[in-house]
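Chain residues, written in single-letter form:
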Amino acid sequence: MNFQSLPTPPELFRRYERGELSREQFHAAMALHAHELIDEMVEARKNPVAAYIEQLRNRAAASRLARRYGPDLVREVFATLGTLPDFPPVQLLWNASHREVPLHCFFRTKHEPIFRVLKMKPESHVVRLTIEYGEATATVRETITLVRDRFRRLELAERSRHA
């Protein structure tokens, strides 16, 4: 299993509002997202022990980052990553700015598709992080540098893949 190449729900809303999608196309695309969630729930129901262990791992990863850097910064970084073009984990991160969604929901430590933060180094105007995502047998590792613009919002400055 790998990240789907579907447009994220915010992108679908933008396209619908611009008139690029009909109401039927919009509903069909949103239904695909709903089916992905339902499939994950069915899979978790089939193997509740594995799902519970994965949830514990994800909670630990989220807690570790939030304790070290603060939940607001972690959420801001994830929300910025969720807007990057050609970045497969946007399917997980598109709603990272929504505070009602727990932070651990954005992590995938062992369950495919994987999304892990290996290193995060925030400075005054720069955040550097090393992440890993993809299939368990063939993960992609990237170093991403985000900088604050004049409005103090994070934006992509540099992105490099590791071999």
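Read on for an overview of the structure. (Residues numbered from 1 in each chain as written. Predicted model: local features only at pLDDT ≥ 70, side-chain atom pairs only at ≥ 80, totals over all residues. Heavy atoms only, no water.)

### Let's talk about the overall build of the protein
Test applied: Working definition: helices are DSSP H or I runs of at least four residues, strands are E runs of at least two. Numbering for both runs from the N terminus. A radius of gyration in this sense is built from C-alpha atoms; the matching globule rule multiplies 2.2 Å by the number of residues raised to 0.38. We call a residue buried when its accessible area falls under 20% of the maximum for its residue type, exposed when it is over 50%, and partly exposed in between, using a 1.4 Å probe and counting protein chains only. The contact definition used throughout considers only heavy atoms, calling two residues in contact when any of these lie within 4.5 Å. His residues and chain termini do not enter the charge count, which takes Lys and Arg as positive and Asp and Glu as negative. Taken as the charge location is NZ of Lys, CZ of Arg, CG of Asp or CD of Glu.
Scanning the protein from N- to C-terminus turns up five helices and four strands. Along the protein, helices and strands appear, N-terminal first, in the series α-α-α-α-α-β-β-β-β. The globule rule puts the C-alpha radius of gyration for 163 residues at 15 Å, and the 16 Å found for the protein is close to it. Across the 163 residues of the protein, 36% fall into the buried class. Partitioning the intrachain contacts of the protein with sequence separation of at least 6 by distance along the chain shows that 45% fall at a separation of at least 24. Across the protein, 26 positive and 21 negative side-chain charges occur, with their mean positions spaced 7 Å apart.

### So, the pairing of strand β1 (residues 114-122)
For clarity, the threshold we go by: Think of it this way: DSSP has to see at least two bridges between two strands before they count as a pair.
Of the strand pairs in this sheet, β1 and strand β2 (residues 126-135) are connected by eight bridges, and their pairing is antiparallel. Residue pairing across strands places V117 opposite I131, the latter belonging to β2. The turn joining β1 and β2, which pair antiparallel and follow one another in sequence, is formed by three residues.

### Structural notes on the sheet that holds β1
Inclusion rule: In this description, a line fitted to the C-alpha atoms serves as the axis of each element, helices being fitted only across the stretch in contact, and the angle between N-to-C directions of two axes falls anywhere from 0 to 180 degrees.
With antiparallel pairing, four strands are arranged side by side in an open sheet as β1-β2-β3-β4. The two strands at the open ends of the sheet, each matched to only one other strand, are β1 and β4 (154-162). Averaged over all neighbouring strand pairs, the angle between strand axes comes to 20°, with direction disregarded. Where β2 and strand β3 (residues 138-148) come together, ten bridges link them in antiparallel fashion.

### Some words on the layout of surface pockets
Short version of the rule: Whether a set of points on the 1 Å grid over the protein atoms alone is a cavity depends on a 1.4 Å probe fitting there but being unable to get out, while an open set qualifies as a pocket with protein on both sides within 12 Å along at least five of seven lines; lining residues are those with an atom within 4 Å of a point. Grid points are joined across faces, edges and corners, and a volume is the space filled by probe spheres set on the points. Each residue is assigned to one class: nonpolar for Ala, Val, Leu, Ile, Met, Phe, Trp, Tyr, Cys and Pro, charged for Asp, Glu, Lys and Arg, and polar for all the others, Gly among them.
Within this model, the second largest pocket holds a volume of roughly 410 Å³. What lines the second largest pocket is a set of 24 residues, among which T8, G82, T83, L84 and V90 lie closest to the centre. Listed by contribution, the elements that provide at least two residues to the lining of the second largest pocket are α1 (9-17) and α5 (90-93). Considering each element in turn, the lining of the second largest pocket owes the most residues, four residues, to α1. The residue makeup of the lining of the second largest pocket, split by class, is 13 nonpolar, seven polar and four charged.

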